[in-house]
Amino acid sequence: MNNRCIILAIESSCDDTSVAISHNDNILANVISSQHIHEVFGGVVPELASRAHLQQITQVCHKAVEKANISLSDIHAIAYTRGPGLLGSLLVGASFAKALSVALNIPLIEVNHLEAHILAHFIAGQYDQKPAFPMLCLTVSGGHTQLIKVKNEYEFKLLGQTIDDAAGEAFDKAAKIIGLPYPGGALIEKLAINGDANKFELAIPRIPEFDFSFSGLKTSFLYLVNKQKQHNESFIAENQADLAASMQQAIIKHLMSKTKTALEETGPYRSIALAGGVSANKALRKSMDDLAKQLGLKSYAPRMEYCTDNAGMIAIAAWYKFQKQEFCDLSAPTLARMPVKSI
Ligand code: KG4
Ligand code: ZN
């Protein structure tokens, strides 16, 4: 095994253009350029996303190299997100990565975005002690909601996932309903701090096993708001914080009840973890901590910059592949759907 491995990693699966430089499991630079053009549309417009990646990627790459204080000749491998994600967006990162690997004559490493969200926990410098295996990971992002049994850094088992909307989507759609811009997850959290979470009752979804469902919750939130607006035009303005807090609580309750059942029925586990953009949510982090304490476990959530889409997580996932010399060739196609490797 090479004891000094510098990787340049690219993430472009959705609406963040990011390039990171890692030295083994240390991240030397993690430059993220978020696209704001989608805000007015209330969601990501794929065509605009790929165009913006193309405009940003060279600049973001130069910034990362400069910040890490390395030169291109120091790099041992190029990593990129192969999927899942928006095809046009993925193609920009993949093409850029392939061109760099050819130009520098160094290996290419393809990374699964969902595995990378999980492996973000193993980026150095975040915890006194890294999470112990087996670990139960709840991945919650704008595109995915999954419960995954993580046996080690290479072996994952999907236990359940959303059958419709993702948890992040539920936050974003609720935000849109109460007049907040996209993406609204962090704004809902901010409003919820001063809101009464018990003011509005929303039905917690009931579906079997370890799967999730958020579309019914979104619909009941929409009906509630529309109904109240018929009687009072300023209903949203007068109740925005309580609406945000009630919706946030319902989403978290659903996530936690499934996580608890999975812990009880598919364990034993030695740690529990949160991954993906929604894990930036402090109320969710606290609920995970409380659940972990009840069960005598430790819970983990990555540092904020490693929660939402970023290339640092692609670099750490690539570092594990590099240690096994798992490289890919130039013909590897990008994949809109790409499940985690299952044991
Ligand atoms: O992982 P991510 O950056 O991108 C995807 O792979 O989807 O996750 C983005 C999602 C968005 O839905 C955003 O609203 C949500 O994460 N999010 C949050 C918070 N910060 C980001 N949701 C709730 N609370 C937050 N603080
Ligand atoms: Zn993501």
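Only a predicted model underlies this, so the values are computations on that prediction, with no experimental measurement involved.

Peer 1: Just give me the short version of the pairing of strand E6 (residues 135–140), but keep the residues and values in it.
Peer 2: A large share of E6 lies buried, amounting to 6 of its 6 residues. Of the two faces of E6, both are covered, the one formed by Met135, Cys137 and Thr139 as well as the one formed by Leu136, Leu138 and Val140. Examined bridge by bridge, E6 and strand E7 (residues 145–150) share 6 bridges and lie antiparallel to one another. Across the sheet, residue Leu138 finds its bridge partner in E7, namely Leu147.

Peer 1: Break down the layout of surface pockets for me, citing the residues and quoting the values.
Peer 2: Here the second largest pocket is characterised by a volume of approximately 190 Å³. The wall of the second largest pocket is formed by Ala192, Ile193, Gly195, Ala197, Ala245, Gln248, Gln249, Ile252, Lys253, Met256, Ala283 and Ser287. For the lining of the second largest pocket, the elements supplying multiple residues, two or more each, are helix H7 (235–266) and helix H8 (282–294). Considering every element that reaches the lining of the second largest pocket, the biggest residue donor is H7, with 6 residues.

Peer 1: Tell me about the pattern of salt bridges, and please be specific about residues and values.
Peer 2: Using the criterion set out here, one finds 8 salt bridges in the structure. Between Asp165 and Lys173 there is a salt bridge; the shortest N-O distance is 3.1 Å. Given the relative accessible area of 25%, Lys173 is considered partly exposed.

Peer 1: Explain the coordination of the zinc ion (ligand 2) residue by residue, including any values.
Peer 2: Protein-derived ligands of the zinc ion (ligand 2) are His113 (NE2), His117 (NE2) and Asp309 (OD), with the metal-ligand distances lying across 2.1 to 2.2 Å. In this structure, the zinc ion (ligand 2) is coordinated by 4 donor atoms arranged in irregular fashion, with angles at the metal of 92 to 152°. In the primary structure, the donors to the zinc ion (ligand 2) are separated according to the pattern H-x3-H-x191-D. A residue pair is termed a helical-turn pair when its members lie 3 or 4 positions apart in one helix, as His113 and His117 do in helix H3 (residues 113–119) at 4 residues.

Peer 1: Tell me about helix H6 (residues 215–231), and name the residues and values.
Peer 2: With 17 residues, H6 ought to run about 24 Å at 1.5 Å a step, and its terminal C-alpha atoms sit 25 Å apart, in line with that. Buried residues along H6 sit in contact with helix H4 (167–177) and H7.

Peer 1: An account of the sheet that holds strand E4 (residues 77–83) is needed here, citing residue identities and associated values.
Peer 2: Read from one edge of the open sheet, 5 strands run E3-E2-E1-E4-E5, paired in mixed fashion. A strand with exactly one partner marks an edge of an open sheet, and here the two such strands are strand E3 (26–34) and strand E5 (108–112). Sheet twist, expressed as the average angle between the axes of neighbouring strands with direction ignored, equals 20°. By the bridge criterion, 6 bridges tie strand E1 (residues 6–11) to strand E2 (residues 16–23) in an arrangement that is antiparallel. In the strand pairing of E2, Ala9 is matched with Ala20. Sitting on the sheet, helix H1 (residues 46–68) is in contact with E1, E2 and E3, with an inclination near 25° to E2. Packed onto the sheet, helix H10 (residues 311–323) meets E1, E2, E3, E4 and E5 and runs at close to 130° relative to E1.

Peer 1: Hey, could you go over the site of ligand 1 for me, with residue numbers and the actual values?
Peer 2: Inspection of the region around ligand 1 gives 19 residues, with Gly142, Asp172, Glu189, Gly277 and Asp309 positioned closest. Note that an oxygen atom of ligand 1 is positioned 3.3 Å from one of the side-chain N or O atoms of His117. Taken together, the elements giving at least two residues each to the shell around ligand 1 come down to H3, H4 and helix H5 (185–192). Of the residues in the shell around ligand 1, the class split is 5 nonpolar, 11 polar and 3 charged.

Peer 1: Describe the sheet that holds strand E9 (residues 271–275), listing the residues and the values that go with them.
Peer 2: Pairing is mixed across the open sheet formed by 5 strands, whose spatial order is E8-E7-E6-E9-E10. With partners counted over all chains shown, the strands left at the sheet margins are strand E8 (156–161) and strand E10 (298–300), one partner each. Each strand of the sheet is rotated relative to its neighbour by a mean of 20°, with strand direction disregarded. Across 3 bridges, the pairing between E9 and E10 is parallel. Across the sheet, Ala273 pairs through a bridge with Tyr300, a residue of E10. Packed on one face of the sheet, H7 meets E6, E7, E8 and E9 and runs near 155° to E6. Where H8 meets the sheet, its contacts fall on E6, E9 and E10, and the angle it forms with E9 comes to roughly 170°.

Peer 1: Explain the packing of aromatic side chains residue by residue, including any values.
Peer 2: Per the stated rule, a full pass over the model turns up 6 aromatic pairs. With 4.8 Å between their ring centres and 75° between their planes, Tyr127 and Tyr300 make a pair best called edge-to-face. Of this pair, Tyr127 sits in the loop between H3 and E6 while Tyr300 is found in strand E10, placing the two residues 173 residues apart along the sequence. Considering the side-chain rings of Phe212 and Phe214, the 6.4 Å spacing of their centres and the 10° angle between planes classify their relative orientation as stacked. Just above the ring of Tyr154 sits the side chain of Lys324; from NZ or CZ to the centre is 4.0 Å.

Peer 1: Would you mind going over unusual backbone geometry in detail, with residue names and values included?
Peer 2: Here the bond from Phe133 into Pro134 is cis, since omega is -5°, no more than 30 degrees from zero. The topology assignment puts Pro134 in the loop between H3 and E6. Cis geometry is adopted by the peptide bond preceding Pro183, which originates at Tyr182 and carries an omega value of -10°. Mapped onto the secondary structure, Pro183 falls in the loop between H4 and H5. Unlike most non-glycine residues, Asn105 shows phi in positive territory, near 55°.

Analysis parameters
Residues numbered from 1 in each chain as written. Chains lettered and ligands numbered in written order. Predicted model: local features only at pLDDT ≥ 70, side-chain atom pairs only at ≥ 80, totals over all residues. Heavy atoms only, no water. Buried < 20%, exposed > 50% of the residue type's maximum accessible area, 1.4 Å probe, protein only. Helix = DSSP H or I, 4+ residues; strand = E, 2+ residues; numbered from the N terminus. Pairing = 2+ DSSP bridges. 1 Å grid on protein atoms, 1.4 Å probe; cavity = no way out; pocket = protein on both sides within 12 Å on 5 of 7 lines; lining within 4 Å. Points joined across faces, edges and corners; volume = space filled by probe spheres on them. Salt bridge = Lys/Arg side-chain N within 4 Å of Asp/Glu carboxyl O. Donors = N, O, S within 2.8 Å, 3.2 Å for Na, K, Ca; no water. Tetrahedral: all angles 85-135°; square planar, octahedral: opposite > 155°, others 65-115°. Expected span 1.5 Å × (residues − 1). Contact = heavy atoms within 4.5 Å. Axes fitted to C-alpha atoms, helices over the stretch in contact; angles between N-to-C directions. Near = heavy atom within 4 Å. Polar contact = N/O pair within 3.5 Å; in protein donor to acceptor, adjacent residues only side chain to side chain. Nonpolar A, V, L, I, M, F, W, Y, C, P; charged D, E, K, R; others polar. Phe/Tyr/Trp six-rings, centres within 6.5 Å; stacked < 30°, edge-to-face > 60°. Lys NZ or Arg CZ within 6 Å of the ring centre and 35° of its normal.

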